[in-house]
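A look at the structure
Chain by chain, the residues:
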Amino acid sequence: MDCPAKPTTSHWTSYMIALAVLVALGGHVLLTLIYLSPPNIAQEHLGGVAERYMKPLFHQNWHLFSPNPGISTRKLAVRCQSGEDQWSDWFDPTEDLIARHNANRFSGVGKLLYVYRAVGDDLRKHIEQRMTQCQKRRASALPEQDLEETLDAGLGALVTADSPAPAADCSPEAVMDEIIDSPEFTLAIRYSEHVCLGYGDEAGVETTGLQFKLLEFFPVKYADRDAADASGRQWDKVHEIEFPIIAGE
Amino acid sequence: MSAPIIEHFSALRARTSRCLVDLCEQERHLHTQRIFSVAIYGWLLLGTLLLLPYYESLWGPASLVNRPEFEPSRWHHWLVYLSLHPSLADHAWVFVTGQLFCLGLVLTAVAPRLAAFGVYFFTFNLYHRTGQLLDGGNNLAILLLFYFVFMNVSGRATAWGHPLVRKLAIACSNAAFYLCRIQIVVVYLCASLLKLNGPLWQKGMALYYILQGESYTHPVAQDFVVAFPSIAMLATYATLIFQVLFFVLIWWRPARPWLIAAGVSLHLFGIGMGMGLLLFGLIMCLAYVAFLPADVSAAIRSPWLAASPLRVHVPANASRLRRALGLLERLDLSHRIVIETRQDCTGLRTKDVATGVERTGIAGFWAVMRRVPLLLPLVPLVVAAWYVGFAQLAYRRWLPGA
């Protein structure tokens, strides 16, 4: 049997470099795994370090439609006013873009839709935050036995046509004043102004106002699909939050 | 005779030390690294070009997005959030142009390490300018771009003079390449574990509901899942099984081609075309290039590497000619131009190694230019300049000694 070759000086340099690089690689992978893992002992101890290391340059999120994919479709519907009281029908400003995206996936419109959808999505998230804050405020003022019940109502407090709000005091209407002051609401106004621009031009009158509402469509449940087919129903339910009319400048 | 454990231990020790030395001295995946980086940079180029027509809506100052504020007290804002700096609010074009320029450099292997950093810097800044545009594909891209900064993406062996620096560069390059592979596997590991915890995925109903919405679907897919819910259920479980198996089986070479074929079908047709997440689907398909074995990558690149090299002899005193030829050599992606500076040479002389055809002067220079595919668009211009005599004049005047 051959004796293993004695390491040369050049080999020692290689060992040192390789070990240093492997330590860096291992450390990076370890912190990545800790950062991405669900709550556990390692995260409890090193979670802070992992977050400080990962957040600036290596932040990653691989939820990718999991654990629960978003199954609802959200839209910001707009209507425009021209002249004294001429309102358009409610319409979805992204309808044409969706048609273009479906016709040609290479049009680049898909990413543009991300931006326009984010207007409604961010507004909805902001409403949820305000409602949660409102519920916490009210819960802290409630007697002990009512606290659990109120928190259980949670975000189900979105007002729907078929289910009256369980926590009516924290409905979107109740927190509307707080919503109106937010940058999300201001952006939704800018978006609506953008789509209403030139709406009254054909009739030779100015656009005098606009209004938008947030719609959320939920697909028909698998168990109810036969009944839905028979009735021609496309959606299981539709949540709707209507915002005040914005007068033109 | 020593005990088997001693023999096994010394074999393990020898193997470990060989691996450590190899990490610093062998660039085993040079071709895979080049093909992989070209694929990802090409994807980035496609993404930016597709979005350029919507520049104002996506990156312009009046675009419909709420942008976070630039925070001067945080160090990383000076590196990757610079596009949000108030003085650059109206100048997103700087980042778009910078990204495209650096992509041009790195794709042509001109100053690849510096260009790779440039691509990372401009792309990350551009991403932070409009975060609403980003999806998992962009997230993966930015991580890979960071690793590419340390990886040899030129397709040529590292040739740094000092042995210590060379070893360090090779070790970093190898580590960065393995990190790319690990990162891709981490994506599947996280996505599959999270999906296994989702009730809709467990019940096989995830695709049935996702494709019924309007955000990630196509009218054909929408109708299909309603008409054939059982196929949607099968597809949901198939996706789940694929993702769970991926992070284990991808390391086993016999399973790799099958796994990649399944992944391409899922990402390109299911996610890219069906769900409309084209760029995400594409980058996931291109990510599989990182798992190409070294011999397969070498075979893919061989037509470019082997085809008819051109030997060029340049006189030592013609410094301007040497610089011009050096530039052409850098633009030569297939590395078929071999330049040699000769003291005994009186003018430019080229020789096609395969055919033995020799050329001198402007004809030789033209032969060099023809080896650079990037210059193909300029061919009509050069031919017109030669026809009217301007090319010959310019050659004699600007390249003395040629």
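Residues numbered from 1 in each chain as written. Chains lettered and ligands numbered in written order. Predicted model: local features only at pLDDT ≥ 70, side-chain atom pairs only at ≥ 80, totals over all residues.

Another aspect to go through is the overall build of chain A. Of regular secondary structure, chain A possesses 8 helices and 5 strands. Order of helices (α) and strands (β) in chain A, N terminus to C terminus: α-α-β-β-α-α-α-α-α-β-α-β-β. The proportion of buried residues among the 249 residues of chain A is 23%. By sequence separation, contacts in chain A at least 24 residues apart represent 57% of the contacts at least 6 residues apart. (Helix = DSSP H or I, 4+ residues; strand = E, 2+ residues; numbered from the N terminus. Buried ≥ 20, exposed ≤ 12 C-beta atoms within 10 Å, placed from the backbone. Contact = placed C-beta atoms within 7 Å.)

When you go through chain B residue by residue, the secondary structure sums to 19 helices and 4 strands. Once the C-alpha set of chain B is aligned to its principal axes, its extents read approximately 80 × 80 × 50 Å. For chain B, the share of sequence-separated contacts (at least 6 apart) that also reach a separation of at least 24 residues comes to 69%.

For the rest of this paragraph, the subject is the sheet that holds strand β4 (residues 358-360) of chain B. All names here are of chain B. Spatially, 4 strands are ordered β2-β1-β3-β4 in an open sheet, and the strand pairing comes out mixed. Each end of this open sheet is capped by a strand with a single partner; those strands are β2 (337-342) and β4. On average, each strand axis in the sheet is tilted by 20° relative to the strand beside it, whichever way the strands run. For strand β1 (residues 310-315) and β2, the ladder comprises 6 bridges, and the chain directions are parallel. Within β2, the residue paired with H313 across the bridge is E340. Here helix α16 (residues 319-331) sits on the sheet and contacts β1 and β2; the angle it forms with β2, its principal contact strand, is near 160°. Across the sheet, helix α17 (residues 361-370) is in contact with β1, β2, β3 (349-352) and β4; its angle to β4 comes to roughly 120°. (Pairing = 2+ DSSP bridges. Axes fitted to C-alpha atoms, helices over the stretch in contact; angles between N-to-C directions.)

Below, the discussion takes up the domain arrangement of chain B. Residue and element names in this part refer to chain B. Split into domains, chain B comes out as domain 1 (24-185), domain 2 (192-297) and domain 3 (307-398). Taking only C-alpha atoms, the centre of domain 1 and the centre of domain 2 are 26 Å apart. At the interface, 19 residues of domain 1 touch 15 residues of domain 2. For the side of domain 1 that touches domain 2, the secondary structure elements donating two or more residues are α2 (30-51), α7 (136-150) and α8 (163-196). Partitioning the side of domain 1 that touches domain 2 into residue classes produces 10 nonpolar, 6 polar and 3 charged. (Domains from an automatic or database assignment. Nonpolar A, V, L, I, M, F, W, Y, C, P; charged D, E, K, R; others polar.)

All right, on to the packing of helix α1 (residues 4-25) of chain B against α8 of chain B then. Residues and elements named next belong to chain B. At a minimum axis distance of 6 Å, the contact between α1 and α8 shows a crossing angle of 100°. Taken together, the axis directions place α1 and α8 in an arrangement best described as roughly perpendicular. Each of L23, C24 and E25 in α1 lies in contact with α8, whose residues at this interface are K167, I170, A171 and N174. Among the residues forming the contact of α1 with α8, the class breakdown is 4 nonpolar, 1 polar and 2 charged. (Parallel < 35°, antiparallel > 145°, perpendicular 65-115°, else oblique.)

Before going further, it helps to spend a moment on the interface of chain B and chain A. With 62 residues of chain B in contact, the opposing surface of chain A contributes 54 residues. Elements that contribute at least two residues to the side of chain B that touches chain A include exactly α1, α2, α3 (55-58), α7, α8, α9 (199-202), α10 (206-210) and α13 (256-274) of chain B. Per-element accounting of the side of chain B that touches chain A gives the leading share, 15 residues, to α8 of chain B. Considered class by class, the residues forming the side of chain B that touches chain A number 41 nonpolar, 17 polar and 4 charged.

All names here are of chain B. The pairing of β1 with β3 spans 4 bridges and is antiparallel. Each residue of the ladder has a partner; that of V312, found in β3, is T350. Here 3 bridges tie β3 to β4, and the two strands are oriented antiparallel to one another. Paired with T350 across the bridge in β4 is R359. Between β3 and β4, which pair antiparallel and follow one another directly, the connecting turn spans 5 residues, one of which, G356, has a positive phi of 80°.

Okay, the packing of helix α18 (residues 379-387) of chain B against helix α19 (residues 390-398) of chain B next. Residues and elements named next belong to chain B. Closest axis-to-axis distance for the α18/α19 pair is 4 Å, and the angle between their directions is 90°. Judged by the angle between their axes, α18 and α19 are roughly perpendicular. Contacts between α18 and α19 involve V382, A385 and W386 from the former and F390, A391 and Q392 from the latter. Tallied by class, residues from the contact of α18 with α19 come to 5 nonpolar, 1 polar and no charged.

What follows is about α1 of chain B. All names here are of chain B. For α1, built from 22 residues, the straight-helix expectation of 32 Å at 1.5 Å per residue is met to within 8% by its first-to-last C-alpha distance of 31 Å. Of the positions making up α1, those classed as buried are L20, V21, L23 and C24. In an axial view of α1, the angular spread of the buried residues amounts to 155°, which keeps them on one side of the axis. Exposed residues pointing more than 90 degrees away from the buried face of α1 are listed as P4, E7, H8, A11, R15 and C19. (Expected span 1.5 Å × (residues − 1). Arc of directions from axis to C-beta.)

Before going further, it helps to examine unusual backbone geometry. The omega angle of the peptide bond from S66 of chain A to P67 of chain A is -10°, so this bond is cis rather than trans. Turning to its location among the elements, P67 of chain A is positioned in the loop between α2 (41-58) and β1 (73-82). At F65 of chain A, a residue that is not glycine, the phi angle is positive and equals roughly 65°. Among the structural elements, F65 of chain A can be located in the loop between α2 and β1. One non-glycine residue, A111 of chain B, adopts positive backbone phi at about 45°. One can find A111 of chain B in the loop between α5 (92-107) and α6 (112-129). For A111 of chain B, a count of 15 C-beta atoms within 10 Å corresponds to the partly exposed category.

Here the focus is the nonpolar core. V106, V119, L144, Y147, A171, A176 and I283 of chain B are the most contacted members of the largest nonpolar core, which has 121 residues in total. For this core, the leading source of residues is α8 of chain B, giving 16 residues. Ignoring sequence-local partners within four residues, the contact set of A171 of chain B consists of I17, A18 and V21 of chain A together with L23 and C24 of chain B. One finds A318, L325, L348 and Y395 of chain B within the second-largest nonpolar core, a separate group that totals 13 residues. (Core = buried A, V, L, I, M, F, W, Y, C linked by C-beta atoms within 7 Å.)

The subject of this paragraph is the confidence of the model for chain B. Looking at chain B as a whole, the pLDDT averages 90, with 98% of positions reaching at least 70. Within chain B, α7 of chain B carries the highest mean pLDDT (97), whereas α18 of chain B carries the lowest (77). (pLDDT = per-residue confidence, 0-100.)

Residues and elements named next belong to chain A. Pairing geometry for β1 and strand β3 (residues 207-219), over 10 bridges, is antiparallel. When the sheet's bridge partners are listed, K75 is paired in β3 with L215. By the bridge criterion, 2 bridges tie β1 to strand β2 (residues 86-87) in an arrangement that is antiparallel. Residue pairing for β2: Q81 is matched across the bridge by W87. Count of turn residues in the β1/β2 antiparallel hairpin: 3 residues, of which G83 carries a positive phi of about 65°.

The residue D344 of chain B is located in the loop between β2 and β3 in this model. Residue D344 of chain B is classed as exposed on the basis of its 7 C-beta neighbours within 10 Å.

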